[in-house]
Amino acid sequence: KNGLFQTEVYEDSLTGLPNFTYSYPIVKNGKLIGVVGIDIFLTELQKYFDALKEQNNINLFALDSQNIPFIATEKSFIMKKDKFFDEISAMSEKTADFEPFTIMDNGIEKIAQCKSVKHSEFADFTLCSLEVVEKIEAPIIKAGYVQIGLGILFALIASAILYVVVNIMLHPLASVTQRLKGF
């Protein structure tokens, strides 16, 4: 192939870090005389993902074309083949970019959304976010209970105020009734 080539992400044999290689053929008079290449380590990109996790506590990862995470906010995912990521990729292919879908992970319902990137000159990848549904629903449910509690409290306070106001307003009526009985 005459042109720029990017490898899939792979684990470097010396450092153990995920990286990919760009290579470009050197052709002279139609003959291949060599290839120039450069390895690109993903450590800087991983630092960005680490900062995202620290600042926002989110779970993001990128899958290569073999559905292996090569960068992630959860470092235990990186370069680990797991059928769970195959399932995420399959569900992602059935949905539009960033369209949420639910998936079960060891009995825990999670919500994911992905965007697949396919480019003729670069390796394909899929970027995904993943969260436990309960983690997303918990603050919503809490807010609902707070609203119910506040509603009950407001009803009790309003009832007490109404009772006092009615008592004060009806007190003169009681004295008028007593005087009429004595008449």
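Nothing here was measured: the structure is a model prediction, and the numbers come from that model. (Residues numbered from 1 in each chain as written. Predicted model: local features only at pLDDT ≥ 70, side-chain atom pairs only at ≥ 80, totals over all residues. Heavy atoms only, no water.)

Caption draft 1: Fine view of the pairing of strand 3 (residues 18-28). Two elements, strand 1 (residues 5-6) and strand 3, share two bridges in a ladder whose sense is antiparallel. Its bridge partner lying in strand 3, Phe 5 is registered against Ser 23. As judged from the two bridges shared by strand 2 (residues 10-11) and strand 3, these two strands associate in the antiparallel manner. By the bridge assignment for strand 3, Glu 11 is matched with Pro 18. A loop of six residues connects strand 2 with strand 3, the two strands running antiparallel in sequence, and Gly 16 in this loop sits at a positive phi of about 75°. (Pairing = 2+ DSSP bridges. Helix = DSSP H or I, 4+ residues; strand = E, 2+ residues; numbered from the N terminus.)

Caption draft 2: View of the nonpolar core. Ranked by internal contacts, the top residues of the largest apolar core, which has 24 residues, are Phe 61, Phe 70, Phe 85, Ile 88 and Leu 130. Those elements that place two or more of their residues in this core are helix 1 (43-56), strand 5 (60-63), strand 6 (69-72), helix 2 (83-94), strand 7 (101-105), strand 8 (108-119) and strand 9 (122-132). Excluding anything up to four places from it in sequence, Phe 85 contacts Phe 61, Leu 63, Asn 67, Pro 69, Phe 77 and Lys 80. (Core = buried A, V, L, I, M, F, W, Y, C linked by side-chain atoms within 4.5 Å. Buried < 20%, exposed > 50% of the residue type's maximum accessible area, 1.4 Å probe, protein only. Contact = heavy atoms within 4.5 Å.)

Caption draft 3: How the structure looks around the sheet that holds strand 9. The strand order 6-5-9-8-7 describes an open sheet built from five strands, whose pairing is antiparallel. Two strands in the sheet have a free side with no partner beyond their single neighbour: strand 6 and strand 7. With direction set aside, neighbouring strand axes in the sheet form an average angle of 35°. Here strand 5 runs beside strand 6; their pairing, made up of three bridges, is antiparallel. Within strand 6, the position partnered with Phe 61 by the bridge is Ala 72. Sheet strands in contact with helix 1 are strand 5, strand 6 and strand 9, and its direction is about 50° off that of strand 6. The strands touched by helix 2 within the sheet are strand 5, strand 6, strand 7, strand 8 and strand 9, with strand 7 carrying the most contacts at an inclination of about 165°. (Axes fitted to C-alpha atoms, helices over the stretch in contact; angles between N-to-C directions.)

Caption draft 4: Seen up close, the state of the cysteines. A full pass over the atoms with the stated rule returns one disulfide. One disulfide bridge connects Cys 114 with Cys 128, the sulfur atoms lying 2.1 Å from each other. Residues Cys 114 and Cys 128 share a disulfide whose torsion about the S-S bond is about 110°; that sign makes it right-handed. Highlighted residues: Cys 114 in strand 8 and Cys 128 in strand 9, separated in sequence by 14 residues. By relative accessible area, Cys 128 is classed as buried at 1%. (Disulfide = S-S within 2.5 Å.)

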